[in-house]
Amino acid sequence: MVEVRELSKRFGRNGVLAVDRASFQAKAGEIFGLLGENGAGKTTTLRLLATILDPTSGTALINGIDLVRDPGGVRRLLGVVAAEPGVYDRLTPREHLRYFGELHGMPRPEIARRSAELLRRLDMEEFADRRSGQLSRGMKQKVALARAWLTDPPVLLMDEPTAGLDVLSTRAVEEFIGEARAAGKTVIFSSHIMSQIEKLCDRVAVIHRGRIIADGTVGELKSHSTRERFEDVFARLVGEQS
Amino acid sequence: MKGRRDFDWRHVGVVFRKELLDTTRDRRTWLAMIIMPLLLVPLLLLAMPTIMAQHLERVQETPVAVAVVGAEHYPDLVAFLDGRDGVNTVQLEDPVAGLAERAVHAILYLPEGMGAAVAGETPAQLRLAFDASDEFSTAARDRLAAALGEFAGRVVADRLAARGLDPAILNPFPWSLENLAPPQRMVGFALGMVMPMLLAIWASTGGMYAAIDGAAGEKERGTLEPLLSTPASRTAIVIGKYLAVVLTSVLASTVSLLGMVLTFLIRPAALLGPGADLQVRLAEILPAPAAGVILLVVLGLAGMFSALQLAISLYARSFREAQTYLSPLSFVVIFPAIFTQFLPVEHVPEWFFFVPVLGSLAVLKEVLVGIIDLEHIAMTLAVSAVGIRFALAFAVACFRKERVLFRT
């Protein structure tokens, strides 16, 4: 469970307020969508939750652990997938898993067992021992998914994980997210693709210029409007704020 | 402080091993770390002198053409010059243009009435023109100067003989040269010129690619974010990376030392000079204590530069930008190295040992000449230790700064 409380982030002393007193809750076994245009503050919010950035004010509890007080403890509970797969060209997928497993303090045999399982499940066995520099973007994103899932973390943070992927790879990522929910994990998933949010998410927060302007299930957000299409709902919400 | 509380040496080890694995798979590092340092010393000491000697031989074997102006004023001298190997005299209408076009290598002007002057035992002023920008012209100058000296000697000998005097009276004490420097000192002198510079350069740049890859490279590939969201603290990440860069740098220096040893094994004369006693053993050139001190000094240099390189390349947005920022850093070593290259060990001022880099260069020079001055070594290592402390703190601070990490 992720509980975000009045979380704010300002870059520089008088700089932009990238996240402005954001509050929301994402429960276990739930896919929580962060919907917003580019530059709305989705990535900054996720980076704050991943403790990569320090909040200017406010905090968040990840499974009860305060990320301001114990960032290291929070990172133990997280799996993170970003828009960029972020793989080392000269390491193989299997070596990636070993590296990140060791950073999480997993014992070697456990890493080997989990890796084999994930490589099979994500259909990566064929290229598991090939240098990542030779892999396609979709394959690389699978490495990122396996890396995030390796430690079986209770919380997954995913920042536009399907950006730049082809149809099949997008489907693999979406299936992965579905499995994470089934496994009882809390998934926070950001996207600017309305249909994807509508298809996958149990609940959604709409973020605009750093502020959460609406929060609820897709159905609830739609019910505030007479319009049928979620795109129209989003456009109206954002339009009201501008 | 964020990160410090979560510091775990195991994370340092994990990051260190991964960086080494990554580095050993990078061709650029191999080139910068092993191949270049290994081959540069043999190239400098074996190939370069051979090529230069061959060139010099070619210059010496080529006959020079000398335009003689006023040859008719003293045909005896012209005949003498023509009789010498490697000198041909010619007559030209415009000798200056001939010299400019390199048709002749020198111009010799004989004054009017020279024959009478020589006969009358009054001085005759000659003029020799040459082109200092042309090696063959310089060779012609030297050859002519020697020939003129020899001819003048003959004239003097004739004059002395006419007076019934022995020419030996002109040379009251003939003397000879003898080099008493033991071969080890000779080697030290030669190595003291080149090796400190090379050792320092590799110590400070050998790990550059590893540093760029580990900081700017992580940013560019988007691997920094996943790495920062693992339980490893930022301090542990920096130190793991730092140790890998230091090891790479020290390895580069060690390999260049190995190149030197290799040169010695292939052709001892390259280090000892021709005609030296070739029975000198390696242990005399590089005794174990000297090798130990070299390693420590190199470690100090590598320790400072690796941290700076990591910090600077983390500030850069891309691999290429990091390269641009880091290139000037090598001048911090190259300038003092050139500056101290020709400075004799005995004349190194005491304050050198209080200055980072300068002190290291001076100690390397001392050690290679066979001097082990514990005070100098201790001072230099202490200065390096302080340098490392600050440089590493700077690198850690950079890894904690969002403005540096996410500079766009």
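This section reports on the structure supplied with the text. (Residues numbered from 1 in each chain as written. Chains lettered and ligands numbered in written order. Predicted model: local features only at pLDDT ≥ 70, side-chain atom pairs only at ≥ 80, totals over all residues. Heavy atoms only, no water.)

What follows concerns the overall build of chain B. When its secondary structure is counted, chain B shows 18 helices and 4 strands. Here the C-alpha coordinates of chain B stretch approximately 100 × 45 × 40 Å along the principal axes. Every one of the 408 residues in chain B was classed for burial, and the buried ones make up 49%. Residue pairs at least 24 apart in sequence account for 74% of intrachain contacts in chain B once pairs closer than 6 positions are excluded. If you sum the accessible surface of chain B, you get close to 20400 Å²; carbon and sulfur atoms cover 65% of it. Of the side-chain charges in chain B, 33 are positive and 37 negative, and the distance between the mean point of each set is 18 Å. (Helix = DSSP H or I, 4+ residues; strand = E, 2+ residues; numbered from the N terminus. Buried < 20%, exposed > 50% of the residue type's maximum accessible area, 1.4 Å probe, protein only. Contact = heavy atoms within 4.5 Å. Areas by Shrake-Rupley, 256 points an atom, 1.4 Å probe, with all protein chains shown as cover. Lys, Arg positive; Asp, Glu negative; His and termini not counted. Charge placed at Lys NZ, Arg CZ, Asp CG, Glu CD.)

A few words on the sheet that holds strand 4 (residues 57–62) of chain A. Backbone-to-backbone hydrogen bonds join strands into a sheet, with any given pair of strands oriented parallel or antiparallel. All names here are of chain A. An order of 2-1-4-5 is seen for the 4 strands of this open sheet, with the pairing classed as antiparallel. Where the open sheet ends on each side, the last strands, each with one partner, are strand 2 (17–26) and strand 5 (65–66). Looking at chain direction, strand 4 and strand 5 are connected through 2 bridges and run antiparallel. Following the sheet pairing, Ile-62 is matched in strand 5 by Ile-65. (Pairing = 2+ DSSP bridges.)

Once that is clear, we can look at the interface of chain B and chain A. Each side of the interface is counted separately: chain B has 30 residues, and chain A has 31 residues. When the two sides are added together, the surface that chain B and chain A hide from each other amounts to roughly 3000 Å², 53% of it contributed by carbon and sulfur. The tally of links between chain B and chain A comes to 7 salt bridges. Mapped by element, the contributors of at least two residues to the side of chain B that touches chain A are helix 1 (9–24), helix 9 (216–221) and helix 10 (224–228) of chain B. Looking at which element gives the most residues to the side of chain B that touches chain A, the answer is helix 1 of chain B, with 7 residues. The class makeup of the residues in the side of chain B that touches chain A is 9 nonpolar, 6 polar and 15 charged. (Buried area = accessible area lost by both parts, 1.4 Å probe. Salt bridge = Lys/Arg side-chain N within 4 Å of Asp/Glu carboxyl O. Nonpolar A, V, L, I, M, F, W, Y, C, P; charged D, E, K, R; others polar.)

So, about the sheet that holds strand 4 (residues 127–130) of chain B. All names here are of chain B. In space, the 4 strands of this open sheet follow the order 2-1-3-4, with mixed pairing throughout. Because the sheet does not close on itself, it has two edges, and the strands there are strand 2 (87–90) and strand 4. Here the strands of the sheet are splayed against their neighbours by 25° on average, with no regard to which way each runs. Across 4 bridges, strand 1 (residues 64–69) lies against strand 3 (residues 106–109) in parallel orientation. When the bridges of strand 3 are listed, Val-69 appears paired with Tyr-109. The strands that helix 3 (residues 75–82) touches are strand 1, strand 2 and strand 3; relative to strand 2, the one it contacts most, it runs at about 140°. Sheet contacts for helix 6 (residues 135–162): strand 1, strand 2, strand 3 and strand 4; angle to strand 4, the most-contacted strand, approximately 160°. (Axes fitted to C-alpha atoms, helices over the stretch in contact; angles between N-to-C directions.)

Further remarks concern helix 2 (residues 27–61) of chain B. Residues and elements named next belong to chain B. The first and last C-alpha atoms of helix 2 sit only 45 Å apart over 35 residues, clearly below the 51 Å expected at 1.5 Å per residue. The principal kink in helix 2, of about 45°, is found at Leu-43. Considered for burial, the residues of helix 2 that qualify are Thr-29, Ala-32, Met-33, Ile-34, Pro-37, Val-41, Pro-42, Leu-45, Leu-46 and Val-59. (Expected span 1.5 Å × (residues − 1). Bend = angle between axes of the 7 residues up to and from the residue.)

The next point concerns the pairing of strand 1 of chain B. Residues and elements named next belong to chain B. Counting buried positions over the 6 residues of strand 1 gives 5, a clear majority of the element. Bridging between strand 1 and strand 2 involves 4 bridges; their strand directions are parallel. Across the sheet, the residue bridging to Val-64 is Val-87, located in strand 2. In this view, the connection linking strand 1 to its parallel neighbour strand 2 by way of helix 3 has right-handed handedness. (Right-handed = clockwise from strand over helix to strand, strands pointing away.)

Residues and elements named next belong to chain B. Here Ser-318 is to be found in the loop between helix 14 (288–315) and helix 15 (319–341). The partly exposed category is assigned to Ser-318, whose relative accessible area is 21%. With residues up to four places along the chain from it excluded, the contact list for Ser-318 reads Ala-216 and Glu-220.

In terms of backbone geometry, most residues other than glycine have negative phi values and most peptide bonds are trans. Residues and elements named next belong to chain A. One non-glycine residue, Glu-6, lies in the positive phi region at around 50°. Positionally, Glu-6 belongs in strand 1 (residues 2–10). Positive phi is not limited to glycine here, since Asp-123 has a value of about 60°. Tracing the backbone shows Asp-123 in the loop between helix 4 (108–121) and helix 5 (137–149).

Here we take up the environment of Leu-128 of chain B. Here Leu-128 of chain B shows up in strand 4. Ignoring any residue separated from it by four or fewer positions in sequence, one finds Leu-128 of chain B in contact with Ala-106, Ile-107, Leu-108, Arg-141 and Leu-144 of chain B.

Another aspect to go through is the nonpolar core. Counting residues in hydrophobic clusters, the biggest one holds 109 residues, and the most contacted among them are Leu-49, Leu-157 and Ile-188 of chain A together with Met-195 and Ile-294 of chain B. Sorting elements by how many residues they give to this core places helix 14 of chain B first, with 13 residues. Within the second largest apolar cluster, 45 residues are counted, among which are Leu-119, Leu-145, Leu-150 and Leu-156 of chain A. (Core = buried A, V, L, I, M, F, W, Y, C linked by side-chain atoms within 4.5 Å.)

The next thing to look at is the pattern of salt bridges. Considering all chains together, one arrives at 38 salt bridges over all chains under this definition. Among the ionic pairs, Arg-163 of chain B bridges to Glu-121 of chain B, the shortest N-O distance being 2.8 Å. Linking Arg-163 of chain B in the loop between helix 6 and helix 7 (183–205) with Glu-121 of chain B in the loop between helix 5 (114–119) and strand 4, this pair joins segments that are 42 residues apart in sequence. Arg-163 of chain B gets classed as exposed once you look at its relative accessible area, which sits at 52%. Among the residues examined, Glu-121 of chain B registers a relative accessible area of 37% and is labelled partly exposed. Residue Glu-218 of chain B pairs with Lys-241 of chain B through a salt bridge whose shortest N-O separation is 2.6 Å. Highlighted residues: Glu-218 of chain B in helix 9 and Lys-241 of chain B in helix 11 (residues 234–266), separated in sequence by 23 residues. Each member of the pair, Glu-218 of chain B as well as Lys-241 of chain B, is classed as buried. In this structure, a network of salt bridges that share partners links the residues Arg-90 of chain A together with Lys-18, Glu-19, Asp-22, Asp-26, Arg-28, Asp-213, Glu-218, Arg-221 and Lys-241 of chain B.

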